[in-house]
Amino acid sequence: LAKTTQPISMDSYEGQEVNITCSHNNIATNDYITWYQQFPSQGPRFIIQGYKTKVTNEVASLFIPADRKSSTLSLPRVSLSDTAVYYCLVGDSTDDKIIFGKGTRLHILP
Amino acid sequence: EPEVTQTPSHQVTQMGQEVILRCVPISNHLYFYWYRQILGQKVEFLVSFYNNEISEKSEIFDDQFSVERPDGSNFTLKIRSTKLEDSAMYFCASRTRGQLIYGYTFGSGTRLTVV
């Protein structure tokens with residue numbers, strides 16, 4: 001499993017775009033990058049997954065540079081309800097279980 | 001959107017008592033998991049289950065813990081003799097074959113309080 005490093009916490013304001021960067025210097029060729037979100041007192045929720053370049057869905061965008069040694073989760077125009085912990089995960093199809101790190105605690109201010 | 005359902009949402013039990021936490025995974029899913037999260041700490045893997053047997057378990061999942069899929073829909077976690085340190089949120093998750101890597105669906109959790 002590739003080791004990931006992400007900020008412990010971030011603050012932002014409503015309406016701002018928030019970018020959370022994750023470093024994964026030893027990512028392997030077959031690894032994908034996945035982000036999960038966990039609201040207080042709820043289970044983690046899959047947000048987005050990508051392999052390279054850019055992926056966008058209704059929740060977020062994921063930017064992955066050509067060397068794939070980092071990735072950036074972008075949340076457009078955040079609201080108070082985006083306050084959550086965001087987890088960056090790196091792994092391939094042989095990884096059955098998720099090992100969660102501490103994630104990034106995002107706090108959105110009014 | 002299909003959901004993983006967990007009951008009860010909150011359970012209070014006395015130390016030494018047995019508890020059973022229940023989960024109804026998504027109906028066409030084949031792989032099932034239990035995780036726990038002690039207040040303020042990381043989400044920790046407990047056990048994975050496939051084809052009616054445990055695939056993998058962590059060091060946390062000792063002899064006090066057991067899992068069962070008693071019928072085609074429920075997936076349960078039993079703690080035989082609860083300890084104070086078992087107080088945590090317990091999350092059930094499931095996924096289907098060929099799904100996205102790490103493409104789990106988690107339930108909302110059961111908050112277990114041991115007193």
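In what follows, the accompanying structure is described. Just so you know, these numbers come straight off a predicted model, no measurement behind them.

1. Some words on the overall build of chain B
Then comes step 1: Secondary structure assignment for chain B yields zero helices and eleven strands.
Then comes step 2: Tracing chain B from N to C terminus, the helices and strands come up as β-β-β-β-β-β-β-β-β-β-β.
Then comes step 3: If you line up chain B on its principal axes, its C-alpha atoms span 40 × 25 × 25 Å.
Then comes step 4: Sequence separation of at least 24 residues holds for 54% of the intrachain contacts in chain B that already meet a minimum separation of 6.
Then comes step 5: For chain B, the accessible surface area stands at approximately 5900 Å², while carbon and sulfur atoms represent 45% of it.
Then comes step 6: Charge separation in chain B, taken as the distance between the mean sites of 11 positive and 13 negative side-chain charges, equals 1 Å.

2. Digging into the side chain of D31 of chain A
Residues and elements named next belong to chain A.
Then comes step 1: Mapped onto the secondary structure, D31 falls in the loop between β2 (18-23) and β3 (32-38).
Then comes step 2: R68 provides the closest opposite charge to the buried, salt-bridge-free D31, at an N-O distance of 5.8 Å.
Then comes step 3: At 3.4 Å, the side chain of D31 and the backbone nitrogen of D92 are in polar contact.
Then comes step 4: Here D31 is in contact with A2, Y51, R68, V90, G91 and D92, once residues within four sequence places are set aside.

3. Observations concerning the environment of Y36 of chain A
Then comes step 1: By secondary structure assignment, the location of Y36 of chain A is in strand β3.
Then comes step 2: C-alpha of Y36 of chain A to C-alpha of E17 of chain A: the two residues are 19 residues apart in sequence and 18 Å apart in space.
Then comes step 3: At a separation of 2.9 Å, a polar atom in the side chain of Y36 of chain A contacts the main-chain amide nitrogen of Y104 of chain B.

4. A look at the state of the cysteines
Then comes step 1: For the structure shown, the criterion picks out two disulfides over all chains.
Then comes step 2: Put simply, C22 of chain A and C88 of chain A are joined by a disulfide, and their sulfur atoms are 2.2 Å apart. Where C22 of chain A bonds to C88 of chain A through sulfur, the torsion about that S-S bond is close to -85°, and the disulfide is left-handed. With C22 of chain A in strand β2 and C88 of chain A in strand β8 (residues 84-91), this residue pair connects regions lying 66 residues apart in the sequence. Each member of the pair, C22 of chain A as well as C88 of chain A, carries the same accessibility label: buried.
Then comes step 3: Disulfide pairing places C23 of chain B opposite C92 of chain B at an S-S distance of 2.0 Å. A torsion of -65° about the S-S bond marks the disulfide between C23 of chain B and C92 of chain B as left-handed. Of this pair, C23 of chain B sits in strand β3 (residues 19-24) while C92 of chain B sits in strand β9 (residues 88-95), and the two are 69 residues apart along the sequence. The same class applies to C23 of chain B as to C92 of chain B, namely buried.

5. Notes on the pairing of β2 of chain A
Residue and element names in this part refer to chain A.
Then comes step 1: Burial of the side chains of β2 is restricted to one face: V18, I20 and C22 are buried, whereas none of N19, T21 and S23 on the reverse face is.
Then comes step 2: Alignment of β2 against strand β7 (residues 70-75), held across six bridges, turns out to be antiparallel. Residue N19 lies in a different strand from β7, and its bridge partner there is S74.

6. So, the sheet that holds strand β6 (residues 61-64) of chain A
Residue and element names in this part refer to chain A.
Then comes step 1: Read across the open sheet, the four strands follow the order β2-β7-β6-β5; overall the sheet is antiparallel. The strands lining the two open edges of the sheet, one partner per strand, are β2 and β5 (53-56). For this sheet, the mean angle separating the axes of adjacent strands, direction not counted, is 15°.
Then comes step 2: Bridge analysis of β5 against β6 gives four bridges, and the strand direction is antiparallel. Across the sheet, T53 pairs through a bridge with I64, a residue of β6.

7. Comments concerning unusual backbone geometry
Then comes step 1: That bond from T7 of chain B to P8 of chain B is cis: its omega, -10°, falls within 30 degrees of zero.
Then comes step 2: With respect to the helices, strands and loops of the structure, P8 of chain B is situated in the loop between β1 (5-7) and β2 (10-13).
Then comes step 3: Although it is not a glycine, S41 of chain A adopts a positive phi angle of roughly 60°.
Then comes step 4: By the element assignment, S41 of chain A lies in the loop between β3 and β4 (45-50).
Then comes step 5: For N52 of chain B, which is not a glycine, the phi torsion comes out positive at approximately 65°.
Then comes step 6: With respect to the element layout, N52 of chain B can be found in the loop between β5 (43-50) and β6 (53-57).

Rules used throughout
- Residues numbered from 1 in each chain as written.
- Chains lettered and ligands numbered in written order.
- Predicted model: local features only at pLDDT ≥ 70, side-chain atom pairs only at ≥ 80, totals over all residues.
- Heavy atoms only, no water.
- Helix = DSSP H or I, 4+ residues; strand = E, 2+ residues; numbered from the N terminus.
- Contact = heavy atoms within 4.5 Å.
- Areas by Shrake-Rupley, 256 points an atom, 1.4 Å probe, with all protein chains shown as cover.
- Lys, Arg positive; Asp, Glu negative; His and termini not counted.
- Charge placed at Lys NZ, Arg CZ, Asp CG, Glu CD.
- Buried < 20%, exposed > 50% of the residue type's maximum accessible area, 1.4 Å probe, protein only.
- Salt bridge = Lys/Arg side-chain N within 4 Å of Asp/Glu carboxyl O.
- Polar contact = N/O pair within 3.5 Å; in protein donor to acceptor, adjacent residues only side chain to side chain.
- Disulfide = S-S within 2.5 Å.
- Pairing = 2+ DSSP bridges.
- Axes fitted to C-alpha atoms, helices over the stretch in contact; angles between N-to-C directions.

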